[in-house]
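Per-entry structural report
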Amino acid sequence: KGIIMKQILAPITVAIALAASSASAFDPADLKKLKETNECVECDLTLIDLSDENLSGANLSKTNLTNAYLVGANLSNAYLSEANMADADLTEANLSNAYLFKANLTKANLTEADLTEANLSHAYLPYTNLSGANLFKTTLSKTTLSNANLSDANLTDTYMMGAILCNTKMPDKSVIYSGC
């Protein structure tokens, strides 16, 4: 009787797991919209792989990019336009080596995100949650980090010359008031 129950429950468990994983993946219609218009406001791009993509000037505000891969992605053009990712959810996203020059990440959630060697020069990150983020060798020169949360973030070899740290919570939980 126990063996029969296991034989019945195993396929049900697999079906539930597959349904749950597909439900958490990105919406293909949202990807199509992004590719066609370079805009996808309030979209679901969970788990998407946009590595090495040119998304210069993309509007991804309020978009769910949880666990997204944006490794080496170009999200800004220094001369024309910058990405808008205000209020985006980038929890556990991989943005290593991404180019985010002047990008707007106001109030974005980058909890546990990987920003290793990303370029965020002149970017806007006020009220952004970077708790637990990996910012190893990240460039944050002249970046606005006012009221940002960097608690438990890795800032090893991070370049922060001219960064605005007004009321910013640092990795050791201290608060910096530089540039207020």
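Presented here is a report on the structure given in the accompanying data block. (Residues numbered from 1 in each chain as written. Predicted model: local features only at pLDDT ≥ 70, side-chain atom pairs only at ≥ 80, totals over all residues. Heavy atoms only, no water.)

Tallying secondary structure elements over the chain gives two helices and two strands in all. If you list the helices and strands of the chain from N to C, you get α-α-β-β. The proportion of buried residues among the 180 residues of the chain is 41%. In the chain, the share of contacts with a sequence separation of at least 24, taken over all contacts with a separation of at least 6, comes to 13%. Carbon together with sulfur atoms contributes 54% to the accessible area of the chain, which is approximately 9200 Å² in total. (Helix = DSSP H or I, 4+ residues; strand = E, 2+ residues; numbered from the N terminus. Buried < 20%, exposed > 50% of the residue type's maximum accessible area, 1.4 Å probe, protein only. Contact = heavy atoms within 4.5 Å. Areas by Shrake-Rupley, 256 points an atom, 1.4 Å probe, with all protein chains shown as cover.)

What follows deals with the state of the cysteines. Across all of its chains, the model carries one disulfide by this definition. Two residues share a disulfide in this structure: Cys40 and Cys43, whose sulfurs sit 1.9 Å from each other. With the S-S bond torsion at -100°, the cross-link from Cys40 to Cys43 turns out left-handed. Both residues of the pair, Cys40 and Cys43, count as buried. (Disulfide = S-S within 2.5 Å.)

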